[in-house]
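Descriptive analysis of the structure
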Amino acid sequence: MRTNPTFLNLVLLNGEPGQKLQAARDAGFDQVEIWREDVDAYEGGAAALAEISARQGPGFTNLQVLRDFTGAPSALRSQKREELRQFIQIAQALGCDTIQAPASTREDCCADQIDDDLRWMASEAARYNMRIMYEPMAWCSVDNTLPLAWQRLQRLDQPNIGLVVDLFHICALGGDASHLDNIPADRIYEVQLCDMAAVPAQDKQSLMAMAKHQRLLPGDGIIDVERFVDKLKSAGYQGPVGIEVFNDALKRLPPDVAARHAWQALTRYWG
């Protein structure tokens, strides 16, 4: 019997946020990943969305996405810290306890400040019982692979910062399920399933173009999704599992149709 919470990243769906929530709920998802842009665009904001969620579901897996927090140049550090505080306030209003903050993509990232920034982030989030999901993305300027990100988190040992496992970012750089080796299941905060038609060219623009426009639903491409799923289940992973697919064609579909396609793809692997 399935015990992991299931989620859909709302980036797959068109429409206004209330429609997206209803489509995800009706398709069968327990939770959604919601973007700050969705919250800001909704009349009534986070409080109104929290009321919908409390009344009819789905819940909120996390609030996305706090970009380029770690290693921000000194002139921007105070601005980024204020942005984190804003994210915490929005997440609290949603009734959500997790914020996604990927590794830096900045070319001028101050790599020697990353550890301090993550410690500060962990401490600030802990004041509000919040967790931080640290995601290695294929085009990050540092920590662009799961093993590298895990090495940093293991060294820092902050109990409220965990990893995002995103199949695109692993496989786009030629990685595979072995990247999960030696990572404790409880340090993975979320698993995002997707697929791709081919391994993209290894330049930043090609990686970003496929990631943000051409991902496929799991099972529709070349990724060995089943191998990842087997490893996660064998490790006893109990956290959220869901679909994060940026796909322009799917996003043109009615939101209920796209959400049903996503649910069918998810339950094919994680039933």
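Refer to the structure printed above.
Residues numbered from 1 in each chain as written. Predicted model: local features only at pLDDT ≥ 70, side-chain atom pairs only at ≥ 80, totals over all residues. Heavy atoms only, no water.

1. Re helix α8 (residues 204-213)
It helps to recall that an α-helix has 3.6 residues per turn; residues three or four apart then point in one direction. For α8, the full list of buried residues reads Leu 207, Met 208, Met 210 and Ala 211. Summarising the axial view, the buried residues of α8 lie within an arc of 165°, below the 170-degree limit, and thus occupy one face. In the core, the buried residues of α8 are packed alongside α7 (167-171). (Buried < 20%, exposed > 50% of the residue type's maximum accessible area, 1.4 Å probe, protein only. Helix = DSSP H or I, 4+ residues; strand = E, 2+ residues; numbered from the N terminus. Arc of directions from axis to C-beta. Contact = heavy atoms within 4.5 Å.)

2. A closer look at the nonpolar core
Counting residues in each nonpolar core, the largest one holds 89 residues, and the members touching the most others are Leu 8, Leu 84 and Leu 94. The element that contributes the greatest number of residues to this core is helix α11 (residues 255-269), accounting for seven residues. Beyond its immediate chain neighbours, meaning those up to four positions away, Leu 94 contacts Ile 34, Val 39, Ala 46, Leu 49, Ala 50, Phe 60 and Leu 63. (Core = buried A, V, L, I, M, F, W, Y, C linked by side-chain atoms within 4.5 Å.)

3. Notes on the pattern of salt bridges
Considering all chains together, one arrives at 20 salt bridges under this definition. Note that Arg 106 and Asp 108 form a salt bridge whose closest N and O atoms lie 2.7 Å from each other. When its relative accessible area of 24% is taken as the criterion, Arg 106 is described as partly exposed. One connected set of salt bridges, linked through shared partners, spans Glu 82, Arg 85, Glu 124 and Arg 127. (Salt bridge = Lys/Arg side-chain N within 4 Å of Asp/Glu carboxyl O.)

4. Structural notes on the pairing of strand β3 (residues 59-64)
Burial within β3 is extensive, with five of its six residues counted as buried. Of the strand pairs in this sheet, strand β2 (residues 31-35) and β3 are connected by five bridges, and their pairing is parallel. What sits directly across from Gln 31, in β3, is Gly 59. (Pairing = 2+ DSSP bridges.)

5. Digging into the packing of aromatic side chains
Counted under the stated rule, the structure contains three aromatic pairs. With a centroid separation of 6.0 Å and an interplanar angle of 90°, the aromatic rings of Trp 35 and Phe 246 are classed as edge-to-face. Remark: Phe 246 occurs in the loop between β8 (241-243) and α10 (248-251) and Trp 35 occurs in strand β2; sequence separation between them is 211 residues. Relative accessible area serves as the criterion here: at 13%, Trp 35 is assigned to the buried category. Given a relative accessible area of 14%, Phe 246 falls into the buried group. Sitting over the ring of Tyr 189, Arg 131 keeps its end group 3.9 Å from the ring centre. The side chain of Lys 233 reaches across the aromatic face of Trp 270, ending 5.1 Å from its centre. (Phe/Tyr/Trp six-rings, centres within 6.5 Å; stacked < 30°, edge-to-face > 60°. Lys NZ or Arg CZ within 6 Å of the ring centre and 35° of its normal.)

6. A closer look at the layout of surface pockets
Looking at the largest pocket, its volume works out to about 370 Å³. In the lining of the largest pocket, the residues fall into nine nonpolar, four polar and eight charged. (1 Å grid on protein atoms, 1.4 Å probe; cavity = no way out; pocket = protein on both sides within 12 Å on 5 of 7 lines; lining within 4 Å. Points joined across faces, edges and corners; volume = space filled by probe spheres on them. Nonpolar A, V, L, I, M, F, W, Y, C, P; charged D, E, K, R; others polar.)

7. Points about the environment of Phe 29
Structurally, the position occupied by Phe 29 is in the loop between α1 (17-27) and β2. On the accessibility criterion, Phe 29 (4% relative accessible area) is buried. With 234 residues separating them in the primary sequence, Phe 29 and Trp 263 have C-alpha atoms 7.2 Å apart. In contact with Phe 29, other than residues within four places in its own chain, are Thr 6, Phe 7, Leu 8, Ala 24, Pro 58, Ala 259, Ala 262, Trp 263 and Leu 266.

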